[in-house]
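# Residue-level structural notes
Chain by chain, the residues run as shown.
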Amino acid sequence: MPDMKYILVTGGVISGVGKGVIASSFGTILKSCGIDVTSIKIDPYINIDAGTFSPYEHGEVYVLDDGGEVDLDLGNYERFLDITLHRDNNITTGKIYQQVIERERRGDYLGKTVQVIPHITDAIQEWVQRVAHIPVTPENTPPKVCIIELGGTIGDIEGMSFVEAFRQFQFRVKRENFCCAHVSLVPMPKSTGEPKTKPTQSSVRELRGLGLSPDLILCRSEKPIGHTVKEKISNFCHVGPEQVICIHDLSSVYHVPLLMEAQGVVQYLNERLQLNMSVPRPGRFMQKWRNLAKRVENLRREVNITLVGKYTKLEDSYASVTKALQHACIAAGYKLNLTYVEAVSLEKQTKIDDPVSYHKAWQELCKCDGVIVPGGFGQRGMEGKIEACQWCRETQKPMLGICLGLQAAVIEFARNVLGLKGANSTEVDPQCEDKLVIDMPEYHPGILGGTMRLGKRKTYLEPGLVSQLYKKDIIEERHRHRYEVNPQYIEQLEAAGLRFVGKDESKTRMEVAVIEGHPYYVTVQFHPEYLSRPLSPSPLFLGLILASLGKLKSYMSKGCRLSPRNQSDVSSDEEELSVSSLSLIEEKTVIENGKHVNGVKH
């Protein structure tokens, strides 16, 4: 069995410099070369996992098939590389220390003093080696390359034990199997108008001082960097000019792997890690990739979608939802124009407290073509989400509700159609008159971490719009919720027109609710955004976009098939749908947007 190859991606100068996009781009390039890749994200915080984070801390909490609640970077990897990761692909300081302390309690260390070196560092190395060999593709083929992203910045006290672990690791796995890529920022102050390399020099010096020598230095900058600057970095950082890769801000992250490939990354990795790839690459190498990047750039006509959320101050809070909308828009041949509306601003109380925000929020909602009401926790903004659901139901505006969005839609329907004015969720008001949404029996009050209904689960669909969009009756989607619709009210709700067309195996847990006679009013308890991919958009998101464009009926009448004809900027009489991206790219080796539009934190 050939040795596993490891690429460690570290960051310097500032956090959020674009390590996630670059790590994923390495994987994308290698996968285009026919090499199976896996990814590990290291988060140096002490939390066991990301499950108890507020979205304002690190953005959304991403959920995996096995129920792991992880950093949103793992979502980037899954979308970039079309792989299925596991909870152990996310390493935190908390997980490592928990494992070592449990071993100590069992007496595994035979009475020795347990220390950071060697016990913590050994545990990190063993974890990486074990997880690197776990298959992440449907074919279950073992990966050949493992890309490891070390979160934070070199020099952070939290990450020191991980840096030391990899200093030892490079000797454990031998030099030809380990490569370190350091991502640094090259700022260009307006006062001087020229790129400054000193921060990168200091960052690389610090990394070397800790025992890791970068094989590649990836320089992030606002504008392209000239050859002289590249040579200066090469001289001062003790690497060859071909080992300095410059990545400036691009119009789309779809261009990042192309830019890296153009600067010789494939040739360097082939020699450095002895990958035995045929060089030079074929003439059409990554051509499909170029076509996708060009396709996205050439989208002109827009579709306006409004997201009614609770955490709209940080766009990363809804990273997967945004990506899923983009995937659906690419398939439909339209550019996404997404507006975030704070749910609280739609509430009647805001009209009194802050009338300007209230009217502005409603104006944004009224201007849109379609609405999405995503998940969330707690009582803040719940009434605003209910108001949005009522408006969409009464004005026939296409809407997709996710998780809390389904619960808000059910409460709204109970209040305004069934006349149950006391209807609410026990999460918001435990003493409410009509408990339409209740906590699940599995939920354990008092312990918040990992006690929700998590991971991929089956949903059984009744014949209709949703099953037609999915083209099957049994679907598997990822869940993350603590509350569910009260089964006692189902009969009343269905009799009044709110149909529950998707249920779990027991038929008592409601998964999908739709309103009859509405162009598109679909609400789901699961999170379809987690399984959306650029070439395989989530059917429910595609349905929302098509309904918002007035093209859903045409799509359904064609057996849920999109026209392969290229869509120009000028509307044809028929205004047929185009999904030229599907014909341009047969492979699913695609890159997806990382945390930030241009690969760097704003």
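This one's a predicted model, so the numbers in the text were calculated from it and none came from an experiment. (Residues numbered from 1 in each chain as written. Predicted model: local features only at pLDDT ≥ 70, side-chain atom pairs only at ≥ 80, totals over all residues. Heavy atoms only, no water.)

## What about the overall build of the protein?
Stated precisely, the cut-off is as follows: The numbering of helices and of strands both runs from the N terminus, where a helix is a DSSP run of H or I of at least 4 residues and a strand a run of E of at least 2. With the radius of gyration taken over C-alpha atoms, the globule rule is written as 2.2 Å times the number of residues to the power 0.38. The buried label goes to any residue with under 20% of its type's maximum accessible area, the exposed label to any with over 50%, and the partly exposed label to all in between, with areas taken from a 1.4 Å probe on protein chains only. Here, residues are in contact when the closest pair of their heavy atoms is within 4.5 Å. Shrake-Rupley sampling with a 1.4 Å probe provides the accessible areas, and residues are treated as covered by the protein chains on show and by no other component.
The helix and strand inventory of the protein stands at 21 helices and 21 strands. The C-alpha atoms of the protein give 25 Å as radius of gyration, which agrees with the globular expectation for 602 residues (25 Å, within 12%). By residue count, 59% of the 602 residues in the protein fall in the buried class. Excluding contacts between residues fewer than 6 apart, the proportion of contacts in the protein whose partners are at least 24 apart in sequence is 73%. Accessible area of the protein: about 24500 Å², with a carbon and sulfur share of 50%.

## Some remarks on the sheet that holds strand β18 (residues 483-485)
Let me state the cut-off plainly: Any two strands are treated as partners once DSSP identifies two or more bridges connecting them. Under this scheme, a helix contributes an axis fitted over its contacting stretch, all axes are lines through C-alpha atoms, and angles between N-to-C directions fall in the 0 to 180 degree range.
On the basis of which strands lie adjacent, the open sheet formed by three strands has the order β14-β15-β18 and mixed pairing. With one partner strand each, in any of the chains shown, β14 (423-425) and β18 form the two edges of the open sheet. Neighbour-to-neighbour, the strand axes of this sheet turn through a mean angle of 30°, independent of strand direction. Lying over the sheet, helix α16 (residues 404-416) contacts β14, β15 (434-439) and β18, oriented at roughly 165° with respect to β14.

## Remarks on the sheet that holds strand β20 (residues 510-515)
Reading across from one edge, β11-β10-β12-β13-β21-β20-β19-β16-β17 is the order of the nine strands in this open sheet, with mixed pairing throughout. In the strand order of this sheet, the two ends are held by β11 (335-342) and β17 (474-481), each with one partner. With strand direction ignored, the average angle separating the axes of adjacent strands in the sheet is 25°. Bridge count between strand β10 (residues 302-309) and strand β12 (residues 370-373): three bridges; the pairing is parallel. Residue pairing across strands places L307 opposite I372, the latter belonging to β12.

## Some points on helix α14 (residues 355-367)
Cut-off, in case you're wondering: Here the expected span of a helix is defined as 1.5 Å times the quantity of residues minus one.
The end-to-end C-alpha separation of α14 is 18 Å, in line with the 18 Å expected for 13 residues at 1.5 Å each. Where α14 is buried, its residues meet β10, β11, α13 (348-353), β12 and α15 (382-395).

## Focus on the pattern of salt bridges
Our working rule: Basic side-chain nitrogens of Lys or Arg form a salt bridge, by our definition, when they fall within 4 Å of a carboxyl oxygen of Asp or Glu.
Taken as a whole, this structure holds 30 salt bridges when the rule is applied. Across the pair D73 and K41 runs a salt bridge whose closest N-O atoms are separated by 2.9 Å. Highlighted residues: D73 in helix α3 (residues 72-81) and K41 in strand β2 (residues 37-43), separated in sequence by 32 residues. Residue classification places K41 among the buried positions, given a relative accessible area of 3%. Salt-bridge contacts for E387 lead to K348; the nearest nitrogen and oxygen are separated by 2.5 Å. Here E387, found in helix α15, pairs with K348, found in helix α13; they are 39 residues apart in sequence, far enough to count as distant. With relative accessibility at 16%, the residue E387 sits in the buried group. On the accessibility criterion, K348 (56% relative accessible area) is exposed.

## Considerations on the side chain of Q390
The line we're drawing: In protein, a polar contact requires one atom able to donate a hydrogen and another able to accept it; more generally it is a pair of N or O atoms within 3.5 Å, and residues adjacent in sequence count only if both atoms are side-chain atoms.
Within the secondary structure, Q390 is located in helix α15. A distance of 3.3 Å separates a polar atom in the side chain of Q390 from a polar atom in the side chain of N416.

## A closer look at a nonpolar patch on the surface
Quick note on the threshold: Exposure above 30% relative accessible area and the lack of any salt bridge qualify a residue for a patch; like charges then connect within 9 Å, and the nonpolar side chains Val, Leu, Ile, Met, Phe, Trp and Tyr within 5 Å.
Together, Y97, I101, V116 and I117 make up an exposed nonpolar region whose accessible area comes to about 340 Å². Contributions of two or more residues to the nonpolar patch are made by α4 (93-106) and α5 (116-132). Among the secondary structure elements, I101 is positioned in helix α4.

## Remarks on the environment of F53
Positionally, F53 belongs in the loop between β2 and α2 (55-58). Overall, F53 belongs to the buried group, its relative accessible area being 15%. Each C-alpha atom, one on F53 and one on V70, is 10.0 Å from the other, the two residues being 17 residues apart in sequence. Setting aside its immediate chain neighbours within four residues, F53 contacts Y45, N47, H58 and V61.

## A short note on the nonpolar core
Among soluble globular proteins, nonpolar side chains are generally buried collectively. For clarity, the cut-off: Definition of nonpolar core: a set of buried residues of the types Ala, Val, Leu, Ile, Met, Phe, Trp, Tyr and Cys, connected through side-chain atoms within 4.5 Å.
With 55 residues, the main nonpolar core has F26, L218, M260 and L269 as its most contacted residues. The element best represented in this core is helix α1 (residues 19-32), accounting for six residues. Those residues in contact with F26 that lie beyond four places of it in its chain are V9, I147, A181, L216, L218, M260, V265 and L269. With 43 residues, the next largest nonpolar core counts L325, I475, L540 and F541 among its residues.

## Some remarks on the UniProt feature "domain: CTP synthase N-terminal" (unreviewed entry) in the protein
The test is simple: UniProt positions are given in the numbering used here, feature names are shortened, and annotations may be inferred rather than shown by experiment.
According to UniProt, the positions carrying the feature "domain: CTP synthase N-terminal" (unreviewed entry) are residues 5-275. For residues 5-275, the helix share is 40%, the strand share is 17%, and the end-to-end C-alpha distance is 8 Å.

## Looking at the pairing of strand β21 (residues 521-524)
Of the two faces of β21, the one holding Y521 and T523 and the one holding V522 and V524 are both buried throughout. Here strand β13 (residues 399-402) pairs with β21 via four bridges, running parallel. Among the inter-strand pairings, L400 is bridged to a residue of β21, identified as V522. Across three bridges, the pairing between β20 and β21 is antiparallel. Considered in β21, the bridge of V514 is made with V522.

## A closer look at the packing of α1 against α3
Worth spelling out the cut-off: For classification purposes, an angle smaller than 35 degrees is called roughly parallel, one larger than 145 roughly antiparallel, one from 65 to 115 roughly perpendicular, and anything else oblique. A crossing counts as left-handed when the near helix is turned anticlockwise from the far one by less than a right angle, and as right-handed when that turn is clockwise. Residue type decides the class: Asp, Glu, Lys and Arg count as charged, Ala, Val, Leu, Ile, Met, Phe, Trp, Tyr, Cys and Pro as nonpolar, and the leftover types, Gly among them, as polar.
Close contact between α1 and α3 brings their axes to 9 Å; oriented N to C, the two are set at 25°. For the element pair α1 / α3, the angle class is roughly parallel. The element α1 and its partner α3 pack so that their crossing is right-handed. Residue-level contacts link G20, V21, A23, S24, S25, G27, T28 and K31 of α1 to D73, N76, Y77, F80 and L81 of α3. Residues of the contact of α1 with α3, tallied by class, amount to five nonpolar, six polar and two charged.

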